[in-house]
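Chain by chain, the residues:
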Amino acid sequence: MKMDRRSFLSFVIGGAAGTTLSPLPWKLTDDLAIWSQNWPWTPVPEKGEVSYANTTCMLCPGGCGITVRKVGDRAVKIEGTKGHPVNNGGICILGLSGLQLLYGPTRVPSPLRRTGERGENRWQKVSWDEALAWVAEKLADLRGKRLSHTVACISGTDGGTVPRLMERFLTAFGSPNFIRTPSMRDSYEMTLHLMQGAQASIGFDIENADFIVSFGSGILEGWGSPVRMFRANSVWKENGVKVVQIEPRLSNTAAKSDKWLPIHPGTEGALALGLAHVILKESLYRKDFVGTHTSGFDRWSKEVVEEWTPEQVETVTGIDKSTIVDLAKSFANAKKPLAICGRGKGNTAGGIGEFMAVHSLNALMGNINRKGGVWAVPGSDHIHWPEVEMDAVASAGMQQTRIDGAGTDKFMHARHLLHRVPEMINAGDPSLVQALFVLDANPYYTLSDKALLKKAWAKIPFILSFSSFMDETAQNADLILPNHMYLERYEDVPYAEGFNKPFIGLAKPVVSPQFDTLHTGDAILRLAKALGDPVEKAFPWEDYEGCLDDTFGDQWEELQEIGYRVESDFEPGSRNTAFETASRKFEFIPEESKDAAKNVMVKAEGEEPAYPLVLIPYDSPRLASGFIGDPPFMIKTVPDTVLKENDLLVEVHPKTAQSLGISEGKPAVLKTPKGEARVRVHLFEGIMPGLVAMPTGLGHQAYDGYLAGKGINFNDLIGPVEDEVSGLDAAWGIRAKLSRV
Amino acid sequence: MSTNDDKAKEKAVAETENHPGHSEDKKGKGSGGSILLFFLVGIIASLLVGWVVFPKLLYSQKKQPINFNHAFHVETVDEGCASCHFFREDGSFSGVPKLAQCTGCHEEAQGEDPEEIKFVTQYVEKGREVPWLVCSRQPNCVFFSHAAHVELAKMECVTCHGPIGESTHSKIYEENRITGVSRDIWGRNIAGIKRNSWDRMKMEDCAECHAEAAAKEVSELEGPMEGFFNNAVKIAFPKSLSGRKTSVQTQNEACFVCHK
Amino acid sequence: MKNEQAKKYGMVIDLDKCTGCGACMVACMAENNVPFKKDETNKLDSITWMRVFQLTNGKSFPETDICYIPRPCMHCEGEHGHSPCVSVCPATATDYSQQTGIVSQIYTRCFGCRYCMAACPYHARYFNWWDPVWPNGMEKYLNPNVSPRMRGVVEKCSFCFHRYQRAMEKAFLEGRRELEEEEYQTACTQACPAGAIVFGDLNNEKHKIHQIVNPDPAHRGRPKNPKAFRLLERLGTNPKVYYLSSREWVRRAGDNYLPHEGSGKGH
């Protein structure tokens, strides 16, 4: 039978009718609708039992308790732990983003050995045995050549068991070069040491203060323990506590303060002494305290009264003298006034003269070791390991001068001076550092004076990073031995920045290790074992957990259960016994170092007219500027007046911009004595004319595409300015030139 | 100015003018019988395709990793379905048991059943979760609260899941190749016809039951006459006067109640 | 559930306490599986259910002042639930619940016409121009209580409605039909380190939010607390997000005023 056109049409019509009467079109339509509503490539998060695991956040020195919500084995959300002594349920933006670090592509998946040039980011996976054997071989070689002291470690923290194990390793090996990264802890520790004779951390009874003068401290930018400060700020608002913020830029803190006093940057110490002048002149200081518990008052007050009159201070700081007098009076008339310093988040050391000037204000008001005041908080004393038995090599190594010069005759009171290291490496030939370990730090990003640093870096033959993440330092290392990330490991956090009670938090594993990583504590123990005696015998522990168990003894179980240990009824030492200076008093002029406070102000590097402006950094709570790179969530919250595509916007006052012929959003070249960068300009009424402000925490080159290449690293444009007395890096800004392109 | 479109139109017109009556040439050549035959062939072929071939193509068939005997387990346990499919303390429903629940009894094989031995050797001993294929899994946009239905409304498991507790072996899991969901959501019957309340799990099936329940609630709450009246109104005007308005667009709670 | 008194969930944000830290934004993103891209500096396509804006008083240095203002979805009630977005949705993808006062958004129902975005005076709605991509295993942290959205649909703050659902499930299991105040709190409220956000039922006199705001039923919930205000009050959108500020210029900035107008507090 031949199929003609009509038959064919008939067949088609029949087919269509049959199809209509079959479920095919209707079911297909429905299925396609469902398919289009649930694209198969849209991830479907797996369901499961919800559980909560408490641990301690280690992304900043804040020591917050965090509660991780889990669904099955997956961690899905980080929240603040209710009832925790430091943050009581609150959490900051970085702590919230932790899971993006845990599961993110910036993790180092296994031990990696460099195959290309340094920084080329070409790696070969190696096994842990192989990697540790390689390090042990390098170390044994150095030790054999009596060069044990050329091994150095840069660590982000000290005091906890892991950095202490590292320090112990260096001691047994024969190197004094355990160097902590700089922060305001350096200056506050030195201030307490010089003026109070205390080996202690600074604590602020901030919730009980009733008048706060902040000399540039970013109370709401991440200074101290950030969540605690946010909470305190709310308490102040409820109780009508006045906050006066002194800084040249309208920061978050300044915006929330009751009074914002813009000041010429770098002159904060002068203002502190100007206030002291008024308080002394008007005799508003607490005579009971000053009379019985201080020494050197007469000489100090004479100097202050003579040198720091409101008129002079007005010229220096740009704050008019009536304001100075008013502020001094309000401060002195408050019941529990408190003066604090440490710029921004406190990620730099700062000048000791400024810290001592501010601390003197507190002393004048007698609020040392008292409610609402500044407390000397003894460091945690949980580590009582036996003395290291050193052999001849170790003893000889330990007697060598520290490479950063800390503790030498010149810088007797300094403990860590990391900023000096690049210069010292460049000065020596061969390099004074033959092997560098980096632990919880990212010096390749955070150290300033990049030209000097890169030169020094190239001279170090062997660089080992313990980073969990592919940060700048790891990327420029020879070997990466990735640590478990903080949510995967045990570690004690012996400190909460600025907290006024002795505190130990415990980080606990909330998920199993996601990659082929090893706890750095265990890596150190295995290295010691590989080196054999005498290094090995300094470590009588099977593994790191055994070490923790041994360290905390009968408190270990309780610590594991509660997750922290706090002396909640801690009272600071009585004034009769707390001051361990030679005079047993608070020393306005420290006997140990009479000139310590002579540099009240430190000049910024660079000269006019080549550099007519001053560049200052500013910290933002939405950007991590320490050794942690910002996770994608945080970068997402950065306003488009700070970052536009990959361009960084610097803040400039409209008048300054006008004089330079630059308008909003336009590109410009920012040049300092240390570097040059192409930026864009954001006009902001909240910044003092003549300044350029740049956010910290951007300009990463490593990590992933969500962070690398965004903005400029402020540390590329600045160099250290050494305080000649203390040795600390007192740089707060740098002179700069901004020109249109 | 003449555009390309205009030109194309002109050309088309010209072509039709040049070939008039072409279609008429073939008129009357095919017989009525063969037309009918082809029609029938077409209709039967397409019906076969639609009713028989299409469902076969639409669903892929997978065997469960373990042939599970529900009936046997229900007999052994004390609390029926809830012995294994229970509510967690936070109100969420545990669904398919995890391995840890099974190992309570099956740390070692308790009998000779090859399926149990397979379960013990391949999953329990290796600590691997069994990749059960869940017939009642809804697409990810659906939020279903077991607590609201079982605890609050006191519904029986059977109402939606059917007499699965009486089954002695696992049925073949059929997955819709387009949507990726189980065949049990649409129902075994490809036409979508259901005989029992548990035959389908589409949104219409939820809605059907909810409408009945709502009507019942109204009649129970108010006097019999009033209840009757309200029910009548509800059936006649399902989206307006019936009961209380609970949302603006749908009048019937916001869609958020069952969607996420 | 139909027997109980209807809820009207709302939020009050204390702008004196808000520090602009952005924790609420990230808490929201983490809780609600909000996607992110490599470049998020075009804020028009950057999805932020909760977004912290910055207001300035417009004065010059050193009199200049700034205030941070977090903006979730306002869950407008309008007149009897006719919020601007609900009224225009042709797909019934968004709805106003009289039971909770929450404006829902059903992603699978939405077909992406974006009328609602045009209608929303608060820019609280966002369109997915791209499929969400979580790099290399990062999808592990996704929350199963919220479905990830696909390209082509609109999304917005839901007042963490899934948390309400979960809390209700627990209540059902325990034989309750009512929630305690702390049982249902949004992720941003929970996270805010400054404690600036208070969330609760505006209809419930025992809830903190009711006590703080003191809504005036005669004026469509306008706050009786003189420090409180709502954004664009005069549009009549009747939002359920309230703000507190002791600063006059901030309260004034909450609405658009002509230069000659007074403070706009009409009661």
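The structure under discussion appears in the preceding block.
About the thresholds
Residues numbered from 1 in each chain as written. Chains lettered and ligands numbered in written order. Predicted model: local features only at pLDDT ≥ 70, side-chain atom pairs only at ≥ 80, totals over all residues. Contact = placed C-beta atoms within 7 Å. Helix = DSSP H or I, 4+ residues; strand = E, 2+ residues; numbered from the N terminus. Nonpolar A, V, L, I, M, F, W, Y, C, P; charged D, E, K, R; others polar. Buried ≥ 20, exposed ≤ 12 C-beta atoms within 10 Å, placed from the backbone. Pairing = 2+ DSSP bridges. Axes fitted to C-alpha atoms, helices over the stretch in contact; angles between N-to-C directions.

Enquirer: I would appreciate a short explanation of the interface of chain C and chain A in the present structure.
Expert: Interface size, as often reported, equals the accessible area lost upon joining of the parts. Between chain C and chain A, the contact holds 49 residues from the first and 57 residues from the second. Among the secondary structure elements, those contributing two or more residues to the side of chain C that touches chain A are helix H1 (23–31), strand S3 (66–71) and helix H5 (187–191) of chain C. The element best represented in the side of chain C that touches chain A is H1 of chain C, accounting for 7 residues. Of the residues in the side of chain C that touches chain A, the class split is 24 nonpolar, 14 polar and 11 charged.

Enquirer: What am I meant to see in the environment of threonine 103 of chain B here?
Expert: Residue and element names in this part refer to chain B. Tracing the chain through its elements places threonine 103 in helix H4 (residues 99–106). Threonine 103 gets classed as partly exposed once you count the C-beta atoms within 10 Å, which come to 15. For the pair threonine 103 and glutamate 125, spaced 22 residues apart in the sequence, the C-alpha separation amounts to 9.7 Å.

Enquirer: It is not clear to me how the pairing of strand S22 (residues 613–618) of chain A should be interpreted in this structure. Could you clarify?
Expert: Residues and elements named next belong to chain A. Of all 6 residues that make up S22, 6 are buried, and the element is covered over most of its length. The side-chain alternation of S22 yields two buried faces, one formed by Leu613, Leu615 and Pro617 and the other by Val614, Ile616 and Tyr618. Of the strand pairs in this sheet, S22 and strand S28 (residues 734–740) are connected by 3 bridges, and their pairing is antiparallel. In the strand pairing of S28, leucine 615 is matched with isoleucine 734. Bridge count between S22 and strand S27 (residues 691–695): 5 bridges; the pairing is parallel. Across the sheet, valine 614 pairs through a bridge with leucine 691, a residue of S27.

Enquirer: Just checking my understanding: could you explain the environment of proline 422 of chain A for this structure?
Expert: All names here are of chain A. Among the structural elements, proline 422 can be located in helix H17 (residues 421–427). Residue class for proline 422 comes out buried when judged on the 25 C-beta atoms lying within 10 Å of it. In sequence terms proline 422 and aspartate 404 are 18 residues apart; their C-alpha atoms lie 8.9 Å from each other. If we skip the residues at most four places from it in the chain, proline 422 touches Leu447, Asp449, Leu452, Leu453 and Ala456.

Enquirer: What is the right way to read the sheet that holds strand S7 (residues 178–180) of chain A from this model?
Expert: To summarise the sheet geometry, strands pair through backbone hydrogen bonds and adopt either a parallel or an antiparallel arrangement. Residues and elements named next belong to chain A. Strands sit in the order S5-S4-S17-S16-S15-S6-S7 across an open sheet of 7 strands; the sheet is mixed. Looking at the sheet topology across the chains shown, the edges are occupied by strand S5 (123–125) and S7. Set on the sheet, helix H6 (residues 161–173) makes contact with strand S6 (151–155), S7 and strand S15 (435–439); between it and S6 the angle comes to about 170°.

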